[in-house]
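This is what each chain is made of:
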Amino acid sequence: MSLIGHFVDGKSLTGTAVRRGDVFDPATGARTAEVELASAAEVAAAVEAADRAARSWRDASLSRRTAVLFAFRELVHARRDRLAEVITAEHGKVLADAAGEVQRGLEVIEYACGIPAAMRGGFSENVSTEVDSYNLRQPLGVVAVISPFNFPVMVPLWFVPVAVATGNAVVLKPSEKDPSAALLLAEWFAEAGLPPGVLNVVNGDKEAVDALLDHPAVRAVSFVGSTPVARHVHQRASLAGKRVQALGGAKNHMVVLPDADLDLAADAAVNAGFGSAGERCMAISALVAVEPVADALVAKIAERMAGLRTGDGRRGCDMGPLVTAAHAERVRSYVEAGVAAGAVPVVDGRDVRPDGDPNGYWLGPTLFDRVTPEMSVYTDEIFGPVLSVVRVGSYEEAVHLVNTNPYGNGTAIFTNDGGAARRYQHEVEVGMVGINVPIPVPMAYYSFGGWKASLFGDLHAHGEDGVRFFTRGKVVTSRWLDPRHGGVNLGFPTQT
C-alpha cells in the first residue's frame, strides 16, 4: 500500500501526518493508497516555505520565469499519457476524457508562457512638463489554490501557471480523493527549474483548507468546488483580508429551439450530459425543449444512449464510474427521488451492466423526461450522469427558467436562427454561453467563470482575469531633472 504525502520546499514529504485518508480505484472499489492529511502546523510550514521563496521569485526576470514555464510545458506534453493514467486510476474518468483534461491544462501553461505580453504596462510621456506616468503589475506574494476531485490536473493548471508566471509562490491543496496528479505536477515544475518553495502541495481535508484561509501570509485564494463550500471559502478568506475567487456549483441548461438540428442537439446532449459521468461543473444537466420538439428530441437522445458503454475507463468504454461509493449512492438517491416525484425515467442508469469489476462505483447514464422545476432532479446540482428534460412552450419561457435559476455557470442554445441566438446571448444571465456548442469552456486566453451562485468574487480563472487576480496594479509618476548616462558598451544587449 503506497503512502501519498506532500511536496514542500522542493522535497517530497511522507510520514509526518497523524491523520490519513484512503484513496480508491473507482472502477474496482479497491483501496490503492493512503494519503496524509495535513494539520494546521504542516500547512503553516508549507506557507512559510512559499513566503521565503516568494521574496526572491518576485524579482526573477520575466525571461527566467518564461524559461521555466516553457520547460514545464515540454515535460507535461511529453508525459501527458502518464498524467491521464493517474487521473483515470484515481478519479475513474475514461482515458480519452483524462487526456482531454490534460490538453486543456496544457493550453493554460502555453498562455502563461506569454506572460511578458500579458504583464506589459502602459506609458504616457509628458503628462505634465517633463513628467511621465506609467503603470506596473506586481505579484501578491503567497497564494493558495484549492482544487476539486473532478479535474485533478486541469483545475490546478487553471491557476498555478499564471500565479507562478506573475511572480507569486503557491500552496496547492488538491482533493484528497485523487491527490497523485498534483504531486506529479509539482515534481515536474521543480524538474523544469522552478526554485524550491515556489510551488508546494499539501494534501488534506477541511482542516488544511481552513488553515490556508486563516494564515496571514496567504494573500489570495483560488477555489473550485460546490457552492456551499465556495461560499464558506469566500466569506472566511474575505474576513481575513484576502483576495478570493471561489468558483461554485452549477445547473447548466441547454435550450433547444424548434428550428434546431435535432440530430446535432441530441449528440450534444449525450456528450455534455454524460461525459466524465456528469462530474463536470460545465455538464449539461437540464435540457429545455421548446415545443413541439420534445418527443422527437427525447427519442433521439435515448437512441444514442443505448449505444453507450459504461465501464472501466482503461477498457475503451464511453463512461466510467463515479468517484466514490458515497457519491454513487448520493446520485442514485436522486434517480430514486425523480421517479418518486413523477418524472418519466426514459433510460434508468440503475439498470446498467458495466464492463468492469462489480465492486466499482457504477451508475449508468440516466434520462428523465417531463421534469418540472420543483423536482430535486432539477433544483439540485446532482453532479452525476442524470439528464433532465423540461418541456416549455416558448423561447421566453425558456429564458425565464434559466434566469430564475440560482446558478449561472454555463448555458447553451441550439438553433439555426442567428437572431434568436444573438438575443439569447444578450438576455441570459449566465457567465458562459454556447451557441450550438454544449460545453462553452473558454480557451485559455479568455477567462472561465460564472455568475450568481456559481462565483463568489469578481475575477474569473486564467486569461486576462487570471493575470489581474494574481497581481496588484501600481501607477508611477516620475520626473528626472538630471538623467544619468549609462556608459559605453558595444556588446549585443541580452536579457537575464
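Treat the numbers as computed from the prediction; the structure is a model and nothing was measured. (Residues numbered from 1 in each chain as written. Predicted model: local features only at pLDDT ≥ 70, side-chain atom pairs only at ≥ 80, totals over all residues. Heavy atoms only, no water.)

Caption draft 1: Region of interest: the sheet that holds strand β1 (residues 2-4). Pairing within the open sheet is mixed, and its 3 strands lie in the order β1-β5-β4. The open sheet is flanked by β1 and β4 (19-25), the only strands paired with a single partner. Across the sheet, the mean angle from the axis of one strand to that of its neighbour is 35 degrees, orientation sign disregarded. In terms of strand pairing, β4 meets strand β5 (residues 30-37) through 7 bridges, oriented antiparallel. Residue pairing for β5: D25 is matched across the bridge by A30. (Pairing = 2+ DSSP bridges. Helix = DSSP H or I, 4+ residues; strand = E, 2+ residues; numbered from the N terminus. Axes fitted to C-alpha atoms, helices over the stretch in contact; angles between N-to-C directions.)

Caption draft 2: Region of interest: the packing of aromatic side chains. Following the criterion strictly, the structure yields 8 aromatic pairs and no others. Here the aromatic rings of F72 and F189 are separated by 3.7 Å at their centres, their planes lie at 10 degrees, and the arrangement is stacked. Of this pair, F72 sits in helix α2 (residues 62-78) while F189 sits in helix α7 (residues 180-191), and the two are 117 residues apart along the sequence. With a relative accessible area of 0%, F72 lands in the buried category. Both rings, one in W158 and one in F159, keep their centres 6.2 Å apart while their planes meet at 80 degrees; by these two values the pair is edge-to-face. What makes W158 buried here is its relative accessible area of 4%. With a relative accessible area of 0%, F159 lands in the buried category. (Phe/Tyr/Trp six-rings, centres within 6.5 Å; stacked < 30°, edge-to-face > 60°. Buried < 20%, exposed > 50% of the residue type's maximum accessible area, 1.4 Å probe, protein only.)

Caption draft 3: Highlighting the environment of A265. By secondary structure assignment, the location of A265 is in helix α10 (residues 262-274). A relative accessible area of 0% means that A265 is categorised as buried. With 113 residues separating them in the primary sequence, A265 and P152 have C-alpha atoms 29 Å apart. Other than its neighbours up to four places away in sequence, A265 contacts M254, V256, L297 and F414. (Contact = heavy atoms within 4.5 Å.)

Caption draft 4: Highlighting the packing of α2 against helix α6 (residues 154-165). One way to put it is that α2 packs onto α6 with a least axis distance of 9 Å and a crossing angle of 150 degrees. As judged from the angle between their axes, α2 and α6 are roughly antiparallel. Contacts from R65, L69 and F72 of α2 reach α6 at L157, P161, V164 and A165. Its residues assigned to classes, the contact of α2 with α6 shows 6 nonpolar, no polar and 1 charged. (Parallel < 35°, antiparallel > 145°, perpendicular 65-115°, else oblique. Nonpolar A, V, L, I, M, F, W, Y, C, P; charged D, E, K, R; others polar.)

Caption draft 5: Spotlight on the nonpolar core. Formed by 72 residues in total, the largest nonpolar core has its most connected members in F72, V76, L83 and W158. Of the residues forming this core, the biggest block, 10 residues, is contributed by α6. If we skip the residues at most four places from it in the chain, F72 touches I109, L157, L185, W188, F189 and A192. By size, the runner-up hydrophobic cluster in this structure holds 60 residues, among which are V255, V293, M305 and Y395. (Core = buried A, V, L, I, M, F, W, Y, C linked by side-chain atoms within 4.5 Å.)

Caption draft 6: Spotlight on the packing of α10 against helix α11 (residues 294-305). The contact between α10 and α11 brings their axes to 9 Å, and the two run at 55 degrees. Between α10 and α11, the angle falls in the class oblique. The element α10 and its partner α11 pack so that their crossing is right-handed. Along the contact surface, α10 presents L262, D263, A265, A266, D267, A269, V270 and F274, while α11 presents A296, L297, K300, I301, R304 and M305. Residues belonging to the contact of α10 with α11 are distributed by class as follows: 10 nonpolar, no polar and 4 charged. (Left-handed = near helix turned anticlockwise from the far one by under 90°.)

Caption draft 7: The arrangement of the pattern of salt bridges in detail. Counted according to the given criterion, the structure contains 32 salt bridges. The shortest N-O distance in the salt bridge between D355 and R315 comes to 2.9 Å. Pair noted here: D355 is in the loop between β15 (344-347) and β16 (366-369) and R315 is in the loop between α11 and α12 (325-341), with a separation of 40 residues, a long-range link. For R315, a relative accessible area of 45% puts it in the partly exposed group. Between R391 and D369 there is a salt bridge, and its shortest N-O distance comes to 2.8 Å. Here D369 lies in strand β16 and R391 lies in strand β17 (residues 386-392), a separation of 22 residues in the sequence. Among the residues examined, D369 registers a relative accessible area of 7% and is labelled buried. (Salt bridge = Lys/Arg side-chain N within 4 Å of Asp/Glu carboxyl O.)

Caption draft 8: Structural context of a nonpolar patch on the surface. Residues M443, Y445 and Y446 make up a contiguous nonpolar surface patch of about 360 Å² in total accessible area. Tracing the backbone through its elements, the reader meets Y446 in the loop between β20 (432-435) and β21 (451-452). When its relative accessible area of 57% is taken as the criterion, Y446 is described as exposed. (Patch = residues over 30% accessible without salt bridge, like charges linked within 9 Å, V, L, I, M, F, W, Y side chains within 5 Å. Areas by Shrake-Rupley, 256 points an atom, 1.4 Å probe, with all protein chains shown as cover.)

Caption draft 9: Up close: the side chain of T324. Along the chain, T324 turns up in the loop between α11 and α12. Polar side-chain contacts of T324 include one of 3.0 Å to the backbone nitrogen of H327. In this view, T324 contacts K177 and Y361; residues no more than four positions away in its chain are not counted. (Polar contact = N/O pair within 3.5 Å; in protein donor to acceptor, adjacent residues only side chain to side chain.)

Caption draft 10: Structural context of unusual backbone geometry. Put simply, E291 and P292 share a cis peptide bond, and its omega is 25 degrees. Topologically, P292 is positioned in the loop between β14 (284-290) and α11. Despite not being glycine, S276 shows a phi value in the positive range, around 55 degrees. With respect to the element layout, S276 can be found in the loop between α10 and β14. A relative accessible area of 7% means that S276 is categorised as buried. Even without being glycine, A277 reaches a positive phi, approximately 55 degrees. Within the element layout of this structure, A277 appears in the loop between α10 and β14. By relative accessible area, which is 1% here, A277 ends up buried.

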